Amino acid sequence: MEKIYEKYQQTSGVCTDSRNLTPDCLFVCLKGANFDGNKFAAEVLEQGAKYVITENRDLQDNPRAIVVDDALKALQRLAHYHRQQLKMPFIGITGTNGKTTTKELINAVLSTTYKTTCTKGNLNNHIGVPLTLLSIKPTDEMAIVEMGANHVGEIDDLCKIAEPTFGLITNIGVAHIEGFGSKENIIKTKKALYEHVIANKGTLFVNETDEVLRQNLTHDKIVFYGKDAEKQIVSMNPYLRIRVGAVEVDTHLTGSYNIWNFMAAAAIGRYFHISDDVIAEALGNYVPSNHRSQVNRIGSNVIISDYYNANLTSMTAALKNLAQLEHPRKVAVLGDMRELGDLSVEAHTEISQLVENLHIEGYFVGTEFGRVVKKNSFADVEEANDYFTKNPLENAMILIKGSNSMHLNKLTAILEA
């Protein structure tokens, strides 16, 4: 690995997509069910890659080709080797809901004072985490690494690569349960982050109001946050106005559930000696751009775009938040929650009943909701667009939420009205 690392150091960085090739990069040929980067190994060298990691034996005699048995494992080992050369704090973040928003808020706070690198978007899996690590420069002062999981043991695997010295779990709920089998397996998988940080004699940031996170947790380096968090909400109409210590700040996020994300970022900022004034300014300046708790006015409507991801916990929180906001006409356009396995019917029934109980005007997109809801139910986005084109929503506050695979971003009849 040392020889591969020496070649990596001669490059401009790592690429895995031939469509986004950067000059003098180290290109890693990954493969999946519907693609094989090894087919482009010779081509990317011609197009400007300095070196290529590939499983293509035909390039064995090419001095710019690093031929391996498994390119993905080579990428992961290279990332881990790079991680071992870096001595800065590594903050690992996982959780069922809010991890990407929390990561962005933490980065907003820490970057006021330190040179930071954090996970881009939600590149938080077995490929994204290594790519994040390999993007970190020796001159950086802080690393913030988001880790996601959809099957048992994945966080443990990612922690072995990233070796976090600080850890934060936003919460643990029911998501991707189809890949986990049970909530107990989800808890065990997520809490692997705590185990690794403890083993590294690092520090944990823990929401002290979360009984699941606190259960069986013993460690001498824990920073608790979140006490009286909901009392730090000054107003919410629709944006959150919050208190950070004695400072009040207007944010660009909606949703009372986001207070926990703000408090987590504030706790980490304080730990690293950043003042409340600076923390408040950073949180106020953060503007979401990833369809998470994002608010826009389109025509006569106020649109709450929260359709990057969805599960029972986050869907419930978003609907309860909508119910709290002041507006004469509240509408929810909800897409299916994916990867719920045997819990799917029960979960979609629960959400449809919650919409009714909260007196929210509901519209439902997808076959899972279609199994339990007949009124205002559409098989897909195309069918929904056809309906809303003929029956436009006007003068409404509209929550749009669903799993990313439902493509609710294509609800043009609402989003481009």
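Refer to the preceding data block for the structure.
Residues numbered from 1 in each chain as written. Predicted model: local features only at pLDDT ≥ 70, side-chain atom pairs only at ≥ 80, totals over all residues. Heavy atoms only, no water.

Asks: Looking at this structure, I do not really get the pairing of strand β7 (residues 142-146). What am I missing?
Replies: Burial runs high along β7: five of the five residues are buried. As judged from the four bridges shared by strand β5 (residues 90-94) and β7, these two strands associate in the parallel manner. By the bridge assignment, Gly-92 is partnered in β7 with Val-145. Here three bridges tie strand β6 (residues 116-118) to β7, and the two strands are oriented parallel to one another. Along β7, the bridge assignment pairs Thr-117 with Ala-143. In this fold, β6 hands off to helix α5 (residues 128-134), which returns the chain to β7; that crossover is right-handed. (Buried < 20%, exposed > 50% of the residue type's maximum accessible area, 1.4 Å probe, protein only. Helix = DSSP H or I, 4+ residues; strand = E, 2+ residues; numbered from the N terminus. Pairing = 2+ DSSP bridges. Right-handed = clockwise from strand over helix to strand, strands pointing away.)

Asks: Which parts of the structure should I look at to understand the packing of aromatic side chains?
Replies: Remark: the centre distance and the inter-plane angle together describe each pair of aromatic rings, the angle taken between the planes. As enumerated under the stated definition, the model contains 14 aromatic pairs in all. Seen from their ring centres, Phe-364 and Phe-369 are 5.0 Å apart, and the 50° between their planes marks the pair as tilted. You'll find Phe-364 and Phe-369 in the same group, each marked buried. The ring of Phe-90 has Arg-83 lying over it, and the distance from NZ or CZ to the ring centre is 3.7 Å. The ring of Phe-224 carries the charged tip of Arg-214 above its face, separated from the ring centre by 4.7 Å. (Phe/Tyr/Trp six-rings, centres within 6.5 Å; stacked < 30°, edge-to-face > 60°. Lys NZ or Arg CZ within 6 Å of the ring centre and 35° of its normal.)

Asks: What's the story with the sheet that holds strand β12 (residues 239-244) in this structure? I'm lost.
Replies: Sheets are built from strands that pair by backbone hydrogen bonding, the pairs being arranged parallel or antiparallel. Strand order across the open sheet formed by three strands is β11-β12-β13, with antiparallel pairing between neighbours. Lying at the two open borders of the sheet, with one neighbouring strand each, are β11 (233-236) and β13 (247-254). Pairs of neighbouring strands in the sheet enclose a mean axial angle of 20°, with direction left out of account. Sheet analysis places β12 next to β13, joined by five bridges and oriented antiparallel. Paired with Val-244 across the bridge in β13 is Val-247. (Axes fitted to C-alpha atoms, helices over the stretch in contact; angles between N-to-C directions.)

Asks: Can you walk me through the nonpolar core in this structure?
Replies: Within soluble globular proteins, side chains that are nonpolar tend to cluster in buried spots. Judged by nonpolar contacts, the single largest core of 59 residues is most densely connected at Leu-110, Ile-242, Leu-283, Leu-319 and Leu-334. Top contributing element to this core by residue count: helix α11 (residues 259-271), with eight residues. Apart from residues lying up to four places away in sequence, Leu-334 is in contact with Met-315, Leu-319, Ile-351, Val-355, Tyr-363, Phe-364, Val-365, Phe-369, Leu-399 and Lys-401. Residues Leu-134, Ala-143, Ile-172 and Leu-193 belong to the second largest nonpolar core, which totals 42 residues. (Core = buried A, V, L, I, M, F, W, Y, C linked by side-chain atoms within 4.5 Å. Contact = heavy atoms within 4.5 Å.)

Asks: What's the story with the sheet that holds strand β15 (residues 301-306) in this structure? I'm lost.
Replies: Across the sheet, which stays open at both edges, the six strands sit in the order β14-β15-β19-β16-β17-β18 with mixed pairing between neighbours. Only two strands of the sheet have a single neighbouring strand rather than two, namely β14 (294-298) and β18 (377-378). The pairing of β15 with strand β19 (residues 397-401) spans five bridges and is parallel. Among the inter-strand pairings, Asp-306 is bridged to a residue of β19, identified as Lys-401.

Asks: Help me understand the side chain of Gln-232 in this model?
Replies: Here Gln-232 lies in the loop between β10 (222-225) and β11. In terms of polar contacts, Gln-232 uses its side chain to reach the backbone carbonyl oxygen of Asp-228, at 3.2 Å. Leave out the neighbours within four places in its chain, and Gln-232 touches Arg-241, Ile-242, Arg-243, Ile-259 and Met-263. (Polar contact = N/O pair within 3.5 Å; in protein donor to acceptor, adjacent residues only side chain to side chain.)

Asks: Explanation requested: the packing of helix α13 (residues 312-324) against helix α14 (residues 344-357) in the structure shown.
Replies: The packing of two helices is summarised by the inter-axis angle and the distance between the axes. Relative orientation of the contacting elements α13 and α14 amounts to 5°, with a least axis distance of 11 Å. Classified by the angle between their axes, α13 and α14 sit roughly parallel to one another. Along its contact with α13, which presents Leu-312, Met-315, Thr-316 and Leu-319, the element α14 presents Ala-347, Glu-350, Ile-351, Leu-354 and Val-355. Residue classes in the contact of α13 with α14 are distributed as seven nonpolar, one polar and one charged. (Parallel < 35°, antiparallel > 145°, perpendicular 65-115°, else oblique. Nonpolar A, V, L, I, M, F, W, Y, C, P; charged D, E, K, R; others polar.)

Asks: Quick question: what am I supposed to make of unusual backbone geometry here?
Replies: Phi is mostly negative for residues that are not glycine, and the peptide bonds are mostly trans. At the junction of Asn-237 and Pro-238, the peptide bond is cis and its omega measures out at -10° in the coordinates. The residue Pro-238 is located in the loop between β11 and β12 in this model. Backbone geometry at His-359 places phi at a positive 60°, although glycine is not the residue there. A relative accessible area of 74% places His-359 in the exposed class.

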